[in-house]
Amino acid sequence: MAGTTEAAPPAESKQPQVNLIGLSKKDYGGLKSTLCIGCGHDLITARIIDACYNLGVRPENVAKLSGIGCSSKTPAYFLNRSHGFNSVHGRMPAIATGVQMANKNLKMIAVSGDGDSANIGMGHFVHVMRRNLNLLYIVENNGVYGLTKGQFSATADKGSKQKSGNVNPNEPIDLCEMAYMLGCGFVARLFAGNSKQMTSVIEAAIAYKGLAFLDIISPCVTFNNHEGSTKSFAYAKGNEEPLHDIGFVPAYDPTYMEMDHGEEREITLSDGSHITLKALSKDFDPSDRVAAGNQIMEAKHSKKILTGLIYVNPKSELLMDQMQVIDTPLSLLTEKETRPAESVLKQIMDDLA
Amino acid sequence: MTTATAAPPQNTTKVVNDFSFSIATANGSGSQTANMVLLRGLFKMGIPVSGKNMFPSNIQGLPTWFTIRVNKDGWIGRATTPDIIVCMNPESAVEDVENARKGAVLIYDDSLGLSKMRPDCIHYPVPFKKLVVDACPDLKLRKLVINMLYVGVCSALFNISEESLVAALESQLKTKPKAVLANKPAIQLGRKWALENIKKVDAFSCEPLNKTSNKIIIEGNAATALGLMFNGCTAVAWYPITPSSSLCESLEDYMRDYRVNPDGKRTFAVVQAEDEIAACGMITGAGWAGARAFTSTSGPGVSLMNEMIGLGYFAEIPFVICNVARTGPSTGLPTRTMQGDIISVIYASHGDTKHVAVFPSNPKEAFEMAGIALDLAEQLQTPVFINSDLDLGMNYWMSDRFDYPTGPIKRGKVLHKEDLEKLKGQWARYKDVDGDGIGYRTLPGTDHPNAAYFTRGTGHTEQATYSEKATDWKKNMDRLTRKFNTAKTLVPKPVIENKGSTIGLLYFGTTDSSVREAASILEQQHGVRIDLCRLRAFPFSKEVEDFLDKHAVVYVCEMNRDAQMAMVIRAELPNAATKIRSILHYDGLPLTAGVVVSEFLAQHKNEPHSTAVAQQLSQATSAVGSKGRD
Ligand SMILES: Cc1ncc(C[n+]2csc(CCOP(=O)(O)OP(=O)(O)O)c2C)c(N)n1
Ligand code: SF4
Ligand SMILES: [Mg+2]
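Residues numbered from 1 in each chain as written. Chains lettered and ligands numbered in written order. Predicted model: local features only at pLDDT ≥ 70, side-chain atom pairs only at ≥ 80, totals over all residues. Heavy atoms only, no water.

**Side note on the interface of chain B and chain A**
Phase 1: Taken residue by residue, the interface counts 72 residues in chain B and 59 residues in chain A.
Phase 2: Carbon and sulfur atoms make up 64% of the area that chain B and chain A hide from each other, which totals about 5400 Å².
Phase 3: Where chain B touches chain A, the interface holds 4 salt bridges.
Phase 4: One salt bridge connects lysine 265 of chain B with aspartate 327 of chain A, and the closest N-O pair in it is separated by 3.4 Å.
Phase 5: Taken together, chain B and chain A are joined by 25 residue pairs in polar contact (both at pLDDT 80 or more).
Phase 6: When residues of the side of chain B that touches chain A are assigned to their parent elements, the largest contribution, 8 residues, is made by helix H9 (residues 276–288) of chain B.
Phase 7: Grouping the amino acids of the side of chain B that touches chain A by side-chain chemistry returns 38 nonpolar, 19 polar and 15 charged.
Phase 8: In this structure, strand S2 (residues 83–86) of chain A lies alongside strand S17 (residues 454–456) of chain B, joined through 3 bridges in parallel fashion. (Contact = heavy atoms within 4.5 Å. Buried area = accessible area lost by both parts, 1.4 Å probe. Salt bridge = Lys/Arg side-chain N within 4 Å of Asp/Glu carboxyl O. Polar contact = N/O pair within 3.5 Å; in protein donor to acceptor, adjacent residues only side chain to side chain. Helix = DSSP H or I, 4+ residues; strand = E, 2+ residues; numbered from the N terminus. Nonpolar A, V, L, I, M, F, W, Y, C, P; charged D, E, K, R; others polar. Pairing = 2+ DSSP bridges.)

**Section: the site of ligand 2**
Phase 1: Every residue near ligand 2 is listed here: Leu35, Cys36, Cys39, His41, Cys70, Asn142, Gly146, Cys220, Val221, Thr222 and Phe223 of chain A.
Phase 2: Taken together, the residues of the shell around ligand 2 break down into 7 nonpolar, 4 polar and no charged. (Near = heavy atom within 4 Å.)

**Describing the sheet that holds strand S11 (residues 265–268) of chain A**
Residues and elements named next belong to chain A.
Phase 1: Sheet architecture is open: 3 strands sit in the order S10-S12-S11, paired in antiparallel fashion. Each edge of the sheet is formed by a strand with only one pairing partner; in this case those strands are strand S10 (244–249) and S11. Here the average twist between neighbouring strands, direction ignored, is 20 degrees.
Phase 2: Of the strand pairs in this sheet, S10 and strand S12 (residues 274–279) are connected by 6 bridges, and their pairing is antiparallel. The residue bridging aspartate 245 from the neighbouring strand is lysine 278, located in S12. (Axes fitted to C-alpha atoms, helices over the stretch in contact; angles between N-to-C directions.)

**A word on the coordination of the magnesium ion (ligand 3)**
All names here are of chain A.
Phase 1: Protein-derived coordination of the magnesium ion (ligand 3) comes from Asp114 (OD), Asn142 (OD1) and Val144 (O), at a distance range of 2.1 Å.
Phase 2: In the primary sequence, the donor residues of the magnesium ion (ligand 3) line up as D-x27-N-x1-V.
Phase 3: Judged by relative accessible area, which is 4%, asparagine 142 ranks as buried.
Phase 4: Classification of valine 144 by relative accessible area gives buried; the value is 3%. (Donors = N, O, S within 2.8 Å, 3.2 Å for Na, K, Ca; no water. Buried < 20%, exposed > 50% of the residue type's maximum accessible area, 1.4 Å probe, protein only.)

**Observations regarding the environment of glycine 287 of chain B**
Residues and elements named next belong to chain B.
Phase 1: Mapped onto the elements of the fold, glycine 287 is located in helix H9.
Phase 2: The class of glycine 287 is buried, set by a relative accessible area of 0%.
Phase 3: The spacing of glycine 287 and glutamine 381 is 94 residues in sequence and 9.0 Å in space, taken between C-alpha atoms.
Phase 4: The contacts of glycine 287, once residues within four sequence positions are left out, are Ala293, Ile317, Pro318 and Arg441.

**Regarding the pattern of salt bridges**
Phase 1: One pass over the structure, following the stated rule, counts 55 salt bridges over all chains.
Phase 2: A salt bridge links aspartate 50 of chain A to lysine 25 of chain A, with the nearest nitrogen and oxygen atoms 2.8 Å apart. Within this pair, whereas aspartate 50 of chain A is found in helix H1 (residues 40–55), its partner lysine 25 of chain A is found in the segment before H1, the two being separated by 25 residues in sequence.
Phase 3: For aspartate 50 of chain A, a relative accessible area of 3% translates into the label buried.
Phase 4: A relative accessible area of 21% means that lysine 25 of chain A is categorised as partly exposed.
Phase 5: Among the ionic contacts, a cluster of salt bridges with common partners joins Arg292, Asp375, Glu378, Arg411 and Arg441 of chain B.

**Examining the site of ligand 1**
Phase 1: Around ligand 1 lies a shell of 18 residues, among which Ser71, Asp114, Gly115, Asp116 and Gly146 of chain A are the nearest.
Phase 2: Surrounding ligand 1 is a set of residues that belongs to chains A and B.
Phase 3: Within the side chain of histidine 41 of chain A, one N or O atom sits 2.9 Å away from an oxygen atom of ligand 1.
Phase 4: Contact between ligand 1 and glycine 146 of chain A: an oxygen atom at 2.8 Å from a main-chain N or O atom of the residue.
Phase 5: In the complex, 78% of the free accessible area of ligand 1, which totals 590 Å², lies under the protein chains.
Phase 6: Mapped onto the shell around ligand 1, the elements with two or more residues apiece are helix H2 (70–73), helix H4 (114–120) and strand S5 (144–145) of chain A. (Areas by Shrake-Rupley, 256 points an atom, 1.4 Å probe, with all protein chains shown as cover.)

**Description of the sheet that holds strand S22 (residues 553–558) of chain B**
Residue and element names in this part refer to chain B.
Phase 1: Strand order in this open sheet of 5 strands is S18-S20-S19-S22-S23, and the pairing throughout is mixed. Every other strand in the sheet has two partners, leaving strand S18 (495–497) and strand S23 (580–584) as the edge strands with one partner each. The average undirected angle you get between the axes of adjacent strands in this sheet is 20 degrees.
Phase 2: Looking at chain direction, strand S19 (residues 503–508) and strand S20 (residues 531–535) are connected through 5 bridges and run parallel.

**Some thoughts on helix H7 (residues 220–230) of chain B**
All names here are of chain B.
Phase 1: Of all 11 residues making up H7, 11 are buried, and the element is well covered by its neighbours.
Phase 2: When H7 is considered as a whole, its buried residues turn out to be Gly220, Asn221, Ala222, Ala223, Thr224, Ala225, Leu226, Gly227, Leu228, Met229 and Phe230.
Phase 3: Directly after H7, the chain includes glycine 232, whose backbone phi takes a positive value near 80 degrees.

**Overview of the pairing of strand S7 (residues 186–191) of chain A**
All names here are of chain A.
Phase 1: Burial within S7 is extensive, with 6 of its 6 residues counted as buried.
Phase 2: Neither face of S7 is exposed, since Phe186, Ala188 and Leu190 on one face and Val187, Arg189 and Phe191 on the opposite face are all buried.
Phase 3: As for the winding sense of the linkage, the β-α-β connection from S7 through helix H7 (residues 195–207) to strand S8 (residues 212–217) is right-handed.
Phase 4: Relative to strand S13 (residues 305–312), S7 runs antiparallel, the two sharing 4 bridges. Each bridged residue has a counterpart across the sheet, and for valine 187 the counterpart in S13 is tyrosine 311. (Right-handed = clockwise from strand over helix to strand, strands pointing away.)

**Focus on the packing of helix H1 (residues 31–44) of chain B against helix H4 (residues 142–157) of chain B**
All names here are of chain B.
Phase 1: Running from amino to carboxyl end, H1 crosses H4 at an angle of 20 degrees, the nearest separation of the two axes being 8 Å. By the angle between their axes, H1 is roughly parallel relative to H4. Viewed along their axes, H1 and H4 form a crossing whose handedness is right-handed. Of H4, the residues touching H1 (which contributes Ser31, Thr33, Ala34, Asn35, Val37 and Leu38) are Asn147, Met148, Tyr150, Val151 and Cys154. (Parallel < 35°, antiparallel > 145°, perpendicular 65-115°, else oblique. Left-handed = near helix turned anticlockwise from the far one by under 90°.)

**A closer look at helix H9 (residues 289–302) of chain A**
Because the α-helix completes a turn every 3.6 residues, residues three or four places apart line up on one side.
Residues and elements named next belong to chain A.
Phase 1: Look at H9: 20 Å from first C-alpha to last across 14 residues, which is about the 20 Å you get at 1.5 Å a residue.
Phase 2: Looking at H9, one finds that the buried residues are Ala291, Ala292, Gly293, Gln295, Ile296 and Ala299.
Phase 3: Buried residues in H9 make contact with helix H6 (175–181) and S13.
Phase 4: After H9 finishes, the residue lysine 303 shows a positive phi value of roughly 55 degrees. (Expected span 1.5 Å × (residues − 1).)

Shown next as structure tokens:
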């Protein structure tokens with residue numbers, strides 16, 4: 001299986017055999033990956049497994065969702081004990097919205113591709129960003145359509161080269177910028193080659209009660225890892241600029257308050273968990289909406305891949321709560337809870353007579 | 001009613017409770033309240049009525065016609081040519097008068113200068129513009145109140161009880177007592193003026209009956225919405241499109257009133273999606289996760305939903321789509337009706353797909369079939385369509401009162417935690433344990449380590465794992481065929497009227513009243529008896545097959561050019577293929593009995609191999625010339 005064969009990151013090397021809820025790493029695994037060896041997507045799969053394990057996520061409370069593409073296949077490779085739905089190309093956000101309507105208590109982990117989200121599914125991407133679902137939305141961004149063999153996607157940079165030599169004439173779509181503009185409460189850009197940062201941001205994103213959008217640069221080793229590509233491992237490594245060292249402290253961690261925070265900035269999420277940030281290149285507060293906007297613009301201008309948490313709104317109300325949906329999942333309601341009394345029908349009939 | 005058709009002015013034969021109105025107004029002029037008061041006033045007199053709105057695809061200004069048919073025998077299908085025309089729209093007045101049938105009654109504002117036209121009609125000019133000044137002191141309200149004047153005029157002319165009209169006004173504007181106060185004097189004044197100033201020379205009048213006592217008046221969309229609300233619908237996603245929008249709008253309104261717990265929490269979720277693809281995606285997600293999920297749309301929306309519908313079929317996900325059909329192709333006539341999406345619904349999507357569909361004919365069925373569709377979707381774990389149309393969805397139908405559903409809602413084969421414990425976690429999503437082609441499913445969130453399975457639109461095994469194996473694929477498709485055969489036993493059966501004829505007429509949906517009226521005209525005026533079969537669902541149950549078997553010739557009556565239902569019947573029941581004939585109607589307007597009668601007679605005259613028909617027709621020579629209402 002893709003994830004579990006990886007060595008755990010050093011910080012977590014002394015982990016016990018089981019996590020907070022008594023599950024082993026294996027309980028978070030999935031089927032063996034069928035992606036190309038070295039594909040960035042598999043690295044992300046492994047980090048999703050780590051993050052869920054570290055947090056003690058109950059897999060039965062998770063729904064995994066995806067569209068179509070190499071990236072969208074990956075939900076089969078993690079969290080075997082969670083229901084999964086590999087749906088249709090570009091429409092995962094709509095499926096996720098429906099799943100949340102049926103069961104507001106589910107945490108959804110969704111994986112999409114740049115083609116899936118920025119091309120065919122752009123309409124749905126844009127609108128789901130406006131709906132605050134309890135959804136971790138990951139785009140595994142390789143700048144190409146992997147599954148259909150290497151055509152440019154809408155996130156490919158202008159001037160970047162296809163394997164065949166074709167040059168992309170179009171402006172790229174920056175999904176983080178869009179997510180931020182559309183009111184998404186948690187926006188981060190990551191690089192699949194940076195495991196440590198990925199794990200902590202994915203943890204924070206899972207803990208976040210709302211829609212967390214992660215754009216993860218995830219090179220396609222088969223169709224977009226050559227010279228002239230701006231989504232290759234080499235290019236991303238050379239141009240990545242992590243904004244800060246990110247730490248994530250789940251709400252249940254009692255040791256946190258005793259730690260020495262030093263120069264760290266911390267952000268408390270609504271469930272009591274903390275995101276800790278140690279600035280690397282500049283002091284930047286991702287909970288400051290204006291600063292976050294500037295950050296995105298600067299990154300664009302400097303042609304750097306700024307990775308890390310770009311924007312977080314620690315308090316945001318979930319759509320189902322705004323809609324005053326009852327706490328019991330709608331999926332479990334029977335006629336007892338949903339059928340109005342006979343007198344209601346009689347009254348309606350009388351009014352129409 | 002036929003006697004008045006060729007009658008000159010000064011008609012002496014009284015025509016009671018059997019005629020039709022056409023009220024021509026401008027869209028957005030506020031005439032709808034007046035039209036409804038007239039309709040409900042007649043209804044409150046106990047006379048069967050129907051109200052059909054012919055409106056333009058615009059918000060304000062273009063001509064609109066509201067037709068009311070009054071019929072003592074309960075025939076509430078469309079009447080082709082109105083007997084009484086109320087011209088309230090100066091823009092269309094000349095055309096309205098030109099198109100009037102000979103002998104029709106024309107009511108119009110006296111300033112329109114129409115009195116020289118059409119001496120073969122009965123003219124009742126009324127000084128509406130002058131009267132409204134007296135009827136309504138408030139200048140701003142006059143534009144609306146002027147409509148209520150014609151209600152009063154009609155009350156006097158056609159003996160429509162003032163009391164019933166006032167009661168109708170009060171129930172129509174229940175929440176707006178001020179509007180009642182503004183409108184009531186207009187009814188009274190119009191009536192008074194007409195009584196004092198018009199010399200009645202037409203034949204039409206109303207008498208109280210007792211044929212509406214247990215009835216209601218409702219649009220089909222509201223009826224479907226009520227059916228959904230009372231049958232456990234929990235997740236709704238939709239995208240606005242005429243003529244379906246009022247369905248989800250009224251559904252949300254009803255649920256906000258009646259599906260809220262004392263603490264203010266709701267037992268439903270409604271999302272207005274970004275498009276129909278998303279709306280269908282949302283109910284796919286919701287159905288997958290266990291909600292009773294619903295969307296409504298019209299033809300263009302069904303086209304957009306196709307990919308998702310195929311996923312629902314193949315991954316076996318329950319949800320319900322109500323297609324309120326309008327006239328197509330393309331944007332077509334978005335405010336006219338058609339039974340035009342039979343094939344696009346039944347065979348929606350790519351690859352091998354066939355879908356369960358129900359066809360309500362009237363509001364009561366729309367109410368009941370909403371619950372049936374939600375149940376069927378979950379029992380069969382598949383998308384289910386409710387095939388309605390604009391005529392049912394947006395027009396006003398007299399209907400029997402709806403019965404309160406008493407049984408439990410049917411959630412189908414779902415394994416919960418306890419079931420999985422009993423099974424020791426041993427189960428397979430797509431395994432046909434019961435031989436009916438339907439597997440067991442679990443819902444996300446089920447707290448058991450073996451509850452999860454992986455749903456995909458790709459080839460899969462019984463265990464829901466990915467498979468490209470030829471044998472796995474075929475086995476799965478064959479199981480889906482078994483499921484389709486199970487569906488035949490669960491869907492609503494046809495309504496069959498057997499009179500021992502060799503000729504059958506098969507139809508469905510909103511053509512019901514017109515087809516039955518036509519059959520009665522054919523029998524009474526032409527001596528031809530026909531057996532009727534009203535389809536209520538696809539796939540076709542055994543009873544439909546038997547009906548086709550038993551008849552020498554079967555006419556399939558439908559509202560489209562391409563004989564879509566006939567195509568489906570030929571494809572699904574090939575033995576019947578050669579005996580199928582078609583009666584088609586496709587001008588965007590609801591079917592009339594007259595079309596059925598004339599189409600039938602034209603084809604059957606030349607039906608060489610049906611001697612029974614020839615005999616029946618020759619016996620009916622005396623009736624030739626007396627045509628149906630067309
Ligand atoms: C409606 C539809 N159109 C086209 C396709 C073909 N298709 C499958 S995956 C894909 C692109 C996937 O690209 P991306 O989302 O970037 O995923 P990647 O494979 O790069 O991870 C396309 C065009 C499809 N499956 N469905
Ligand atoms: S084609 Fe590219 S994206 Fe797809 S699995 Fe191979 S490396 Fe990954
Ligand atoms: Mg891609």
